[in-house]
Amino acid sequence: MTYPLSSQSVQFSTTASEDRKAYSAMVLPAASRMMTSCEEDAPMETSPRELTQNPLRKIWMPYKNGLPEKHISQRKVCMTNCPTLIVMVGLPARGKTYISKKLTRYLNWIGVPTKQFNVGQYRRECVKIYRNFEFFRPDNEDALKIRRQCALTALNDVRQYLEVEGGQVAVFDATNTTRDRRSIIMKFAEQNEYKVFFVESVCEDPNVIAENIVQVKLGSPDYMDTNTEEAIQDFMKRIKCYENSYQPLDENIDRSLSYIKIMDVGRRYLVNRVQDHIQSRIVYYLMNIHITPRSIYLCRHGESELNMKGCIGGDSGLTPRGKEFAEGLGRFMQEQNIKDLKVWTSQMRRTIQTAEALSVPYEQWKALNEIDAGVCEEMSYEEIQDHYPLEFALRDQDKYRYRYPKGESYEDLVQRLEPVIMELERQENVLVVCHQAVMRCLLAYFLDKSAEELPYLKCPLHTVLKLTPVAYGCKVESIFLNVEAVNTHRDKPENVNISRLAEEALLTVPAHQ
Amino acid sequence: MNGTPITQAMAEPPASGERVPRFQRPHASVPQFCNSPTMIVMVGLPARGKTYISKKLTRYLNWIGVPTKVFNVGQYRRDATRSYQNYEFFRPDNDEAMKIRKACALTALKDVSAYFTQEQGQVAVFDATNTTRDRREVILSFAKENGYKVFFIESICDDPEIIEENIKQVKLSSPDYIDCDKEEAVEDFLKRIECYKVTYVPLDDVKDSHLSYIKIFNVGSRYLVNRVQDHIQSRIVYYLMNIHVTPRTIYLSRHGESELNLVGRIGGDSGLSPRGSTFASSLGKYIKSQSIPNLKVWTSHMKRTIQTAESLGVPYEQWKALNEIDAGVCEELTYEEIQAHHPEEFALRDQDKYRYRYPKGESYEDLVQRLEPVIMELERQENVLVICHQAVMRCLLAYFLDKSAEELPYLKCPLHTVLKLTPVAYGCKVESVFLNIEAVNTHRDRPAGEEPPCVILPPALYRRSRAQPMASPTPTRAPRLQDLGVTTLSLENVDINREEQDALTTVPEHF
């Protein structure tokens, strides 16, 4: 998943060339103009470059002759220069695809462009109809040729993704159970200067394997027209085909490789030669996820005083309707009858008041505080349009990356929320009482939403979202607790140009007092 | 938690005129995840880095707000026996010595108990060889009786060069070898190691599969992690997997003097003053003169640090996490203005500068949470120059120099001065390099005055462990007095009703 720029006229973007074009059209506020010594034609060594602040992201960057210079690297998660190839290893039904998808979702969410390449998918496109396990027999020469070809095609696509499409990490999801196959991949990576990190999943627990097969194999396109009994039997025979030639990563032979071996669904890990920051983050993530069934409940605080007035931010208390919702939430959670429920709130009054009505212990996270709207705190959209029309327009142009003056952006929020996500992965049943922008970020993580969609996800007041992991994704149930509240969702208006009229800007503002 | 005074006060807005001292909020920035105390038990032959890991881990945990203490059994042994003669003390057939050694271990365990029950400790690091299954059983039983969690850290190393380096770095200077010559000391120590090897039983893949542990092989090239039970163990594992022992240097510096510094204003996002720009070029020259291979340069997102980095002429990375502490409603005010407009806030801050949070702003405590990923990445990296801000630099420095929450907000981090930190033995060497360009002083000490007020404690009922990071308590046998309101530093006039001139006595000069 990459973050393509919106197709509408984006005047300010993060790419250098577009910045340069946009600059001539823009009037820089005085504060961002730099006062300094003369720098005309002065060599870099003797005088530092002047700085200018990107009006959308509020990031300082050097510029020359009135135009921004090449974009200084912001603190990206992955400071590796070379792309990384993650190679899954393991027998069928060991959770490779589950891990691949989850890891890909996490990396994309924290801002590392990542894509999964499932070789089984390539095989299905090549061999239109799957008959039975015989395709996977180690002595089936024809099939072996096809399977090898599929792997090579996938590797080509990996190269395309990492070099042409701006990808940073590619997850190569296949069994890769022989040393031979792994050599081919490593050679490929070496030629292209990619780092390689293996993720091997080892599991002998027959219950876990059976559960995997039921959860994700029976629904596979391979077994669409097969009945359950036959499908399971066929799949078990398929696994057998791989077992004989399986060469797990070896402590000695493979001691120079970078890898993590996950044993028994996370009871035990062997980590070898972590090379860099991104691999360290991947290991940390993999060591924190689990597959124990559980539910995550996301909701906002009850309606607040400032909500009623159509104002953003602030630290106001609940309205009477908000309090009613809090009570309703308490009843709802009791009915859900959840064992060991953890309740988390932010450190803002409205979420704490809401949690108080539940009469259970709760924990406060500063990281769950609402997005900081800086100079726009406690203003209504009308007031923002009045006082800061330029800012208002910039926000509509790129709501994900836009940072309020002296405030935050959604992009900042995601970074801030990463420890919350990590802890949510570790926990089991959790209710998170938070805020609109925060809930959008968390939801985008669970539902794999892009940066474009994230700031416009619908998270209305007085509605609980119940997320239950299922198969490779997440089931969502939306429960409106039947207490009326204002609508705080503002869609993207049609005209996002800085020269637009006030009415055009305020077209999508929801009604309020 | 329900209906208790503090949370009620939180939930309802204070009546006008009613003071709700912000520092009273019992809520740290992040929830405290530890319920039962945890014992971390080191395992390994001598000279495998156990004490190094113990001390470093303890420093880290205290800094992030988890009260932790090291219990080094060797220290107990030194206190119990008269003087160390030679390796024969450690021979496995030396029954007398065995008795003493066992007694020391048990005494240390008793102190661990006291630390947990009386001093509100959360994590105890039991630093000893613990190389036999027997000894580990004793510890496990002890923990089980008391309801403590146990996490083992085993360090395995067979590289003779690393072992020799360890011996040189930390053993030769040990009290045990004070009167020995180098050659003899090394020989004796190697024989000591042999004594342990005879009975060493490492944690076993099968027999110990129900235990929680991490095995570190050859200083981190490989790790085996088994049964991580909870959040704190997960963080410990992550930390251990990121630290390394490669020699390197960390340079900490503030941005050059800024326009707002000149006029005594805090916060904001101003540019460098002329002297600040001069500092920036001097910094460039200094860094060049240091000839540092592969130097990484980090700045915040604020103009003044970026401008400073620009003068270096090398690539740099911007971290939002390195931004100066957010002073909320006090942003861009002078201390005089803060005293004039928010006298109560000003006094509250002086009462507990670490925990005090500016209205709509941050506290030092929040800063530490914000900076944790920076510290983690600093541990991973090698040579780094961090160009940051006063409060931020204090937090980073407190981590490297193991400073308590009381000391942290008053650490001296003057402008135009580079601090060069080099890890050495169990700690950090600091060199302070003033680059000879005058700047205003921005350091404000605790104000002087009359009696210290009493510090109000968070209610003991509240389900959370102390979030206040402390310096790793000195590893002595006597427990250290916890400063739960009893501080040894004199709190002078920090009363909220103090006179204006008393509040402003320590404000540094400015234009």
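Quick caveat, the model's predicted, so the values are computed rather than measured.

Cut-offs applied
- Residues numbered from 1 in each chain as written.
- Chains lettered and ligands numbered in written order.
- Predicted model: local features only at pLDDT ≥ 70, side-chain atom pairs only at ≥ 80, totals over all residues.
- Heavy atoms only, no water.
- Helix = DSSP H or I, 4+ residues; strand = E, 2+ residues; numbered from the N terminus.
- Buried < 20%, exposed > 50% of the residue type's maximum accessible area, 1.4 Å probe, protein only.
- Contact = heavy atoms within 4.5 Å.
- Areas by Shrake-Rupley, 256 points an atom, 1.4 Å probe, with all protein chains shown as cover.
- pLDDT = per-residue confidence, 0-100.
- Expected span 1.5 Å × (residues − 1).
- Pairing = 2+ DSSP bridges.
- Axes fitted to C-alpha atoms, helices over the stretch in contact; angles between N-to-C directions.
- Arc of directions from axis to C-beta.
- Polar contact = N/O pair within 3.5 Å; in protein donor to acceptor, adjacent residues only side chain to side chain.
- Parallel < 35°, antiparallel > 145°, perpendicular 65-115°, else oblique.
- Nonpolar A, V, L, I, M, F, W, Y, C, P; charged D, E, K, R; others polar.
- Phe/Tyr/Trp six-rings, centres within 6.5 Å; stacked < 30°, edge-to-face > 60°.
- Disulfide = S-S within 2.5 Å.
- Salt bridge = Lys/Arg side-chain N within 4 Å of Asp/Glu carboxyl O.

Some points on the overall build of chain B
Looking only at helices and strands, chain B has 16 helices and twelve strands in total. Counting only residues that meet the buried cut, chain B has 59% of its 511 residues in that class. Contacts in chain B between residues at least 24 apart in sequence constitute 73% of all its contacts with a sequence separation of at least 6. Summing over all exposed atoms, chain B offers an accessible surface of approximately 21,400 Å²; the carbon and sulfur share of this is 52%.

Topic: the overall build of chain A
When its secondary structure is counted, chain A shows 16 helices and 15 strands. Sorting the 513 residues of chain A into buried and exposed places 57% on the buried side. A separation threshold of at least 6 residues defines the contact pool for chain A, and within that pool the share at least 24 residues apart is 68%. If you sum the accessible surface of chain A, you get close to 22,400 Å²; carbon and sulfur atoms cover 50% of it.

Examining the confidence of the model for chain A
A residue-level look at chain A finds 88% of positions with pLDDT of 70 or above and a mean pLDDT of 88. Predicted confidence for residues 1–45 of chain A stays below pLDDT 50, and this span has 79 contacts to residues more than four positions away or in other chains.

What to know about helix H2 (residues 96–109) of chain A
All names here are of chain A. Taking 1.5 Å of rise per residue, the 14 residues of H2 would be expected to cover 20 Å, and the 20 Å separating its terminal C-alpha atoms lies within 8% of that figure. Counted residue by residue, H2 has twelve buried out of 14 residues, so it is predominantly covered. For H2, the full list of buried residues reads Lys96, Thr97, Ile99, Ser100, Lys102, Leu103, Thr104, Arg105, Tyr106, Leu107, Asn108 and Trp109.

Focus on the confidence of the model for chain B
Residues and elements named next belong to chain B. Overall, the predicted model of chain B reaches an average pLDDT of 85, with 85% of residues at or above 70. Taken as a whole, residues 450–470 scores under 50 in pLDDT and shows 59 contacts with residues more than four places along the chain or in a different chain. The low-confidence segment residues 474–491, where pLDDT is below 50, has 38 contacts with residues more than four positions distant or belonging to other chains. The ipTM, which scores confidence in the relative placement of chains, is 0.86 for this predicted complex, and the corresponding pTM is 0.87.

Concerning the sheet that holds strand S5 (residues 213–217) of chain B
With mixed pairing, the twelve strands of this open sheet are ordered in space as S5(A)-S6(A)-S4(A)-S7(A)-S8(A)-S9(A)-S6(B)-S5(B)-S4(B)-S1(B)-S3(B)-S2(B). Edge strands, defined here as strands with exactly one partner in the open sheet, are strand S5 (114–118) of chain A together with strand S2 (68–72) of chain B. Here the average twist between neighbouring strands, direction ignored, is 15 degrees. Contacts from helix H3 (residues 119–126) of chain A reach S5 and strand S6 (169–173) of chain A, with the element oriented near 50 degrees to S5(A).

Section: the environment of B:Ala114
In this fold, B:Ala114 is placed in helix H4 (residues 95–118). Separated by 59 residues in sequence, B:Ala114 and B:Lys55 place their C-alpha atoms 20 Å apart.

Considerations on helix H6 (residues 206–217) of chain A
All names here are of chain A. Residues of H6 that are buried include every one of Val208, Ile209, Asn212, Ile213, Val216 and Lys217, and no others. All buried residues of H6 fall inside an arc of 140 degrees around its axis, so they share one side. In the core, the buried residues of H6 are packed alongside helix H7 (228–243). Capping of H6 at its N-terminal end is provided by Asp205; its side-chain oxygen lies 2.9 Å from the backbone amide nitrogen of Asn207.

Overview of the packing of H2(A) against helix H15 (residues 436–447) of chain A
All names here are of chain A. Here H2 crosses H15 at 150 degrees, and the two axes come no closer than 9 Å. The angle between H2 and H15 places the two elements in the roughly antiparallel class. Residues Arg105, Tyr106 and Trp109 of H2 touch H15, and the partners they reach there are Cys441, Ala444, Tyr445 and Phe446. Per-class residue counts for the contact of H2 with H15 are six nonpolar, no polar and one charged.

Thoughts on the packing of aromatic side chains
Residue and element names in this part refer to chain B. Counted by the stated rule, this structure contains 31 aromatic pairs over all chains. On the numbers, 4.0 Å between centres and 5 degrees between planes, the contact of Tyr60 with Tyr239 is stacked. Linking Tyr60 in helix H2 (residues 50–63) with Tyr239 in helix H8 (residues 231–240), this pair joins segments that are 179 residues apart in sequence. A relative accessible area of 0% places Tyr60 in the buried class. Classification of Tyr239 as buried rests on a relative accessible area of 0%. Each ring, one from Tyr399 and one from Phe400, has its centre 5.0 Å from the other, and the planes form 75 degrees; the classification is edge-to-face. On the basis of relative accessibility, which here comes to 7%, the residue Phe400 falls in the buried class.

What to know about the side chain of A:Asp234
Residues and elements named next belong to chain A. Among the structural elements, Asp234 can be located in helix H7. Within the structure, Asp234 has its side chain in polar contact with the backbone nitrogen of Phe133 (distance 2.8 Å). Ignoring anything within four residues of it in the chain, the contact list for Asp234 reads Tyr130, Asn132, Phe133 and Tyr223.

Thoughts on unusual backbone geometry
Residue and element names in this part refer to chain A. The backbone of Val265 shows a phi angle near 50 degrees, a positive value even though the residue is not glycine. You can see Val265 is positioned in the loop between strand S8 (259–263) and strand S9 (268–272). In this structure, Ala471 takes a positive phi of about 50 degrees despite not being glycine. Turning to its location among the elements, Ala471 is positioned in the loop between strand S14 (463–470) and strand S15 (473–480). Classification of Ala471 by relative accessible area gives partly exposed; the value is 29%.

Things to note about the sheet that holds strand S10 (residues 296–300) of chain A
Residue and element names in this part refer to chain A. The strand order across the open sheet formed by six strands is S12-S11-S13-S10-S14-S15, and the pairing between neighbours is mixed. Pairing within the sheet leaves two strands with one partner each, and these edge strands are strand S12 (363–364) and S15. Strand direction decides the pairing type here: S10 and S14, joined by three bridges, are antiparallel. The residue of S14 that forms the bridge with Tyr297 is Lys466. Sheet strands in contact with helix H10 (residues 320–336) are S10, strand S13 (430–434), S14 and S15, and its direction is about 175 degrees off that of S10. Strands S10, S13, S14 and S15 of the sheet are contacted by H15, whose axis makes an angle of about 155 degrees with S10.

Considering the state of the cysteines
Disulfide: a covalent bond formed between the sulfur atoms of two cysteine residues. Residue and element names in this part refer to chain B. In total, this model carries zero disulfides over all chains according to the counting rule given. Looking at the unpaired Cys195, the closest cysteine sulfur is the one in Cys180, lying at 15 Å. Classification of Cys195 by relative accessible area gives buried; the value is 8%.

Section: the packing of H2(B) against helix H14 (residues 364–380) of chain B
All names here are of chain B. Where H2 meets H14, the closest approach of the two axes is 11 Å, and the angle between their N-to-C directions is 155 degrees. The pairing of H2 with H14 is recorded here as roughly antiparallel in orientation. In this structure, H2 contributes Lys56, Tyr60 and Trp63 to the contact, and H14 contributes Val368, Leu371, Glu372, Ile375, Met376 and Glu379. Among the residues forming the contact of H2 with H14, the class breakdown is six nonpolar, no polar and three charged.

Some words on the pattern of salt bridges
All told, the structure shown has 50 salt bridges over all chains when counted by the stated rule. For the salt bridge of B:Asp93 with B:Arg91, the shortest nitrogen-to-oxygen distance reads 2.8 Å. Residue classification places B:Arg91 among the partly exposed positions, given a relative accessible area of 32%. Close ionic contact of B:Arg444 with B:Asp350 constitutes a salt bridge, the shortest N to O distance being 2.8 Å. Of this pair, B:Arg444 sits in the loop between strand S12 (427–434) and helix H16 (500–503) while B:Asp350 sits in helix H13 (residues 343–351), and the two are 94 residues apart along the sequence. Look at B:Asp350 and you get buried, because its relative accessible area is 1%. When salt bridges that share partners are traced, they join A:Arg123, A:Arg124, A:Asp222 and A:Arg238 into one network.

Focus on the pairing of strand S10 (residues 384–388) of chain B
All names here are of chain B. Counting buried positions along S10 yields five of five residues, so the element is predominantly enclosed. Here S10 shows a buried face lined by Val384, Val386 and Cys388 and a second buried face lined by Leu385 and Ile387. Across five bridges, strand S7 (residues 250–254) lies against S10 in parallel orientation. Within S10, the residue paired with Ile250 across the bridge is Val384. Two elements, strand S8 (residues 296–299) and S10, share three bridges in a ladder whose sense is parallel. Bridging from a neighbouring strand, Lys296 pairs with Val384 of S10.

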